[in-house]
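Structural overview for review
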Amino acid sequence: MKFPRRIVPVAVSALALAASVLVPQSVDAAGQHDDFVIVGHRGASGYRPEHTLASYELAARMGADFIEPDLVTTKDHVLVTRHEPEISGTTDVANHPEFKDRKKTKVLDGVATTGWFTEDFTLAELKTLRAVERIPAVRQHNTVFNGRYQIPTFQEVIDLSKRLSKELGRPIGIYPETKHPTYFRAQGLPLEPLLVRALNQNGLNRPGAKVYVQSFEVGNLKALHKELRVPLVQLTSSSGAPYDFVAAGDKRTYADIVSAAGLREVATYADGVGPSKDQVIPLDAAGKLGTPTALVANAHRAGLVVHPYTFRVENTFLPAEFDSSAVPSDSGNLFGEIAAYRRAGIDGLFTDNTDIAVAEEREAK
């Protein structure tokens, strides 16, 4: 495929025989590197608690092209990786009596949310916490790693990607997401200056760097477009609207963004779109895959790549035809789901199960 401005082809690696085995780059029959993008969603979060160095490293060793850190900030304005600023579901903070008084109710993107928030902790305080599995009812096996890993800084993730790139003999990219940028900006803790500074200081703000930057909001991507020389990706959802639109009284929704006209607008400031996978292929009344929408074709006409989220092996996350049983936590046929989406023309995907995505891609050749 032809890549839009600033995007460079990326290599997809072969399936790891085991987590500790080095993974070579894969090439097609003509000797060219495959350009299908496999993103380790929050690392290898199907196998380790998400957003930990162990999770990111395992994803890389399984063959991910990119590891995906979600970025939030501390009280002393250091970028760390958590899926949300509220951390009661992903850390053991509730077991720390010294932080009992930090529990608060805040309005997070218009929703009252109670818990502990990263911006109320210094980095040193956050480092005393340990990560836990976010969905233990589905991934009980991951709970054996509860309490073993710290919350990483963004710099630690960059350092890990550099180390693993040398060790594995192939570039391990980073695909950071700015989480709730309007929320943090309102507190005087904007994420974007720290992100730009980190990329600059690590030599990653340049054409050809193996970096994508993503956001569910629009305004911060437009601002970053003026400062970054790496590809940007507009994330979308099957419902709702970007919160910066909501805060500004803009009535446009994510559905408007993924319309043909909306995608042409996205192409003025970004290089790709990261839709919810049901925006690419919606489910029918029986919970099975329906007819693909025009999203992929319209995105490609606008010059955008399409990286949908999130591909997970458990039955509870799969379309009904790929379920292996009636047990939600049992592993189903993720191979089949990924194959269906690849036939729909996607250019990459976010997955909790990198090994399966890499194996499917290898078998499809």
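Here, every reference points to the structure presented above.
Bear in mind the structure is a predicted one, so any value in this text is a computation, not a measurement. (Residues numbered from 1 in each chain as written. Predicted model: local features only at pLDDT ≥ 70, side-chain atom pairs only at ≥ 80, totals over all residues. Heavy atoms only, no water.)

Comments concerning the nonpolar core
- In terms of nonpolar packing, the biggest core is built from 82 residues, with Phe154, Leu199 and Val213 touching the most fellow members.
- It is helix α3 (residues 154-168) that contributes the most residues to this core, six residues altogether.
- Core analysis: the next-biggest nonpolar cluster, separate from the first, contains nine residues, Phe66, Tyr175, Val233 and Leu235 among them. (Core = buried A, V, L, I, M, F, W, Y, C linked by side-chain atoms within 4.5 Å. Buried < 20%, exposed > 50% of the residue type's maximum accessible area, 1.4 Å probe, protein only. Helix = DSSP H or I, 4+ residues; strand = E, 2+ residues; numbered from the N terminus.)

Side note on the layout of surface pockets
- What the largest pocket holds in volume is close to 650 Å³.
- The wall of the largest pocket is formed by 40 residues, among which His83, Lys179, Phe216, Ser237 and Tyr309 lie closest to the centre.
- Where the lining of the largest pocket is concerned, the elements lending two or more residues are β8 (177-178), β9 (213-215), α10 (277-280) and α12 (334-343).
- Residues that form the lining of the largest pocket fall into these classes: 16 nonpolar, 12 polar and 12 charged.
- The calculated volume of the second largest pocket comes to roughly 190 Å³.
- Forming the walls of the second largest pocket are His77, Val78, Leu79, Thr153, Phe154, Gln155, Leu194, Arg197, Ala198 and Gln201.
- Listing elements by their share of the lining of the second largest pocket, those giving two or more residues are α3 and α5 (192-201).
- For the lining of the second largest pocket, the element with the most residues is α5, which contributes four residues. (1 Å grid on protein atoms, 1.4 Å probe; cavity = no way out; pocket = protein on both sides within 12 Å on 5 of 7 lines; lining within 4 Å. Points joined across faces, edges and corners; volume = space filled by probe spheres on them. Nonpolar A, V, L, I, M, F, W, Y, C, P; charged D, E, K, R; others polar.)

Some details on the sheet that holds strand β12 (residues 305-306)
- Read from one edge to the other, the open sheet built from seven strands follows the order β4-β3-β8-β9-β10-β11-β12, with strand pairing classed as mixed. At either end of the open sheet lies a strand with only one pairing partner, and these are β4 (79-81) and β12.
- Examined bridge by bridge, β9 and strand β10 (residues 232-235) share three bridges and lie parallel to one another. Following the sheet pairing, Gln214 is matched in β10 by Val233. (Pairing = 2+ DSSP bridges.)

Some points on the sheet that holds strand β1 (residues 37-40)
- If you walk across this open sheet you meet the four strands as β7-β2-β1-β13, and the pairing is parallel. Of all strands in the sheet, those bounded by a partner on one side alone are β7 (173-174) and β13 (348-351).
- Of the pairings in the sheet, the one linking β1 to β13 comprises four bridges and is parallel in character. When the bridges of β13 are listed, Gly40 appears paired with Thr351.

Observations regarding the packing of helix α1 (residues 53-62) against α3
- One way to put it is that α1 packs onto α3 with a least axis distance of 11 Å and a crossing angle of 30 degrees. One way to sum up the angle between α1 and α3 is to call them roughly parallel. Pair α1 / α3 crosses with right-handed handedness. Between α1 and α3, the contacting residues are Leu53, Tyr56, Glu57, Ala60 and Arg61 on the first element and Glu156, Val157, Leu160, Arg163, Leu164, Glu167 and Leu168 on the second.
- Here the residues of the contact of α1 with α3 are counted per class, giving seven nonpolar, no polar and five charged. (Axes fitted to C-alpha atoms, helices over the stretch in contact; angles between N-to-C directions. Parallel < 35°, antiparallel > 145°, perpendicular 65-115°, else oblique. Left-handed = near helix turned anticlockwise from the far one by under 90°. Contact = heavy atoms within 4.5 Å.)

Thoughts on the pattern of salt bridges
- Throughout the structure, instances matching the rule amount to 20 salt bridges.
- Put simply, Lys106 and Glu119 hold a salt bridge, and the shortest N to O gap is 2.9 Å. Remark: Glu119 occurs in the loop between β6 (111-115) and α2 (123-126) and Lys106 occurs in strand β5 (residues 104-108); sequence separation between them is 13 residues. Across this residue pair, the class does not change: Lys106 and Glu119 are buried.
- One salt bridge connects Asp352 with Arg312, and the closest N-O pair in it is separated by 2.7 Å. (Salt bridge = Lys/Arg side-chain N within 4 Å of Asp/Glu carboxyl O.)

A few points about α3
- Over its 15 residues, α3 extends 21 Å from the first C-alpha to the last, a length consistent with the 21 Å expected when each residue adds 1.5 Å.
- Each element contacted by the buried residues of α3 is listed here: α1, β2 (66-67), β3 (70-73), β4, β7 and α5.
- In the segment just after α3, Gly169 is the residue with positive phi, at about 75 degrees. (Expected span 1.5 Å × (residues − 1).)

Focus on unusual backbone geometry
- Of the consecutive residues Tyr309 and Thr310, the connecting peptide bond is found in the cis state with omega at -15 degrees.
- Among the structural elements, Thr310 can be located in the loop between β12 and α12.
- Positive phi, normally seen in glycine, also occurs at His77, with a value near 60 degrees.
- Within the secondary structure, His77 sits in the loop between β3 and β4.
- Positive phi values are uncommon outside glycine, yet Asp109 reaches one of about 50 degrees.
- Mapped onto the elements, Asp109 comes out in the loop between β5 and β6.
- Residue class for Asp109 comes out partly exposed when judged on its relative accessible area of 22%.

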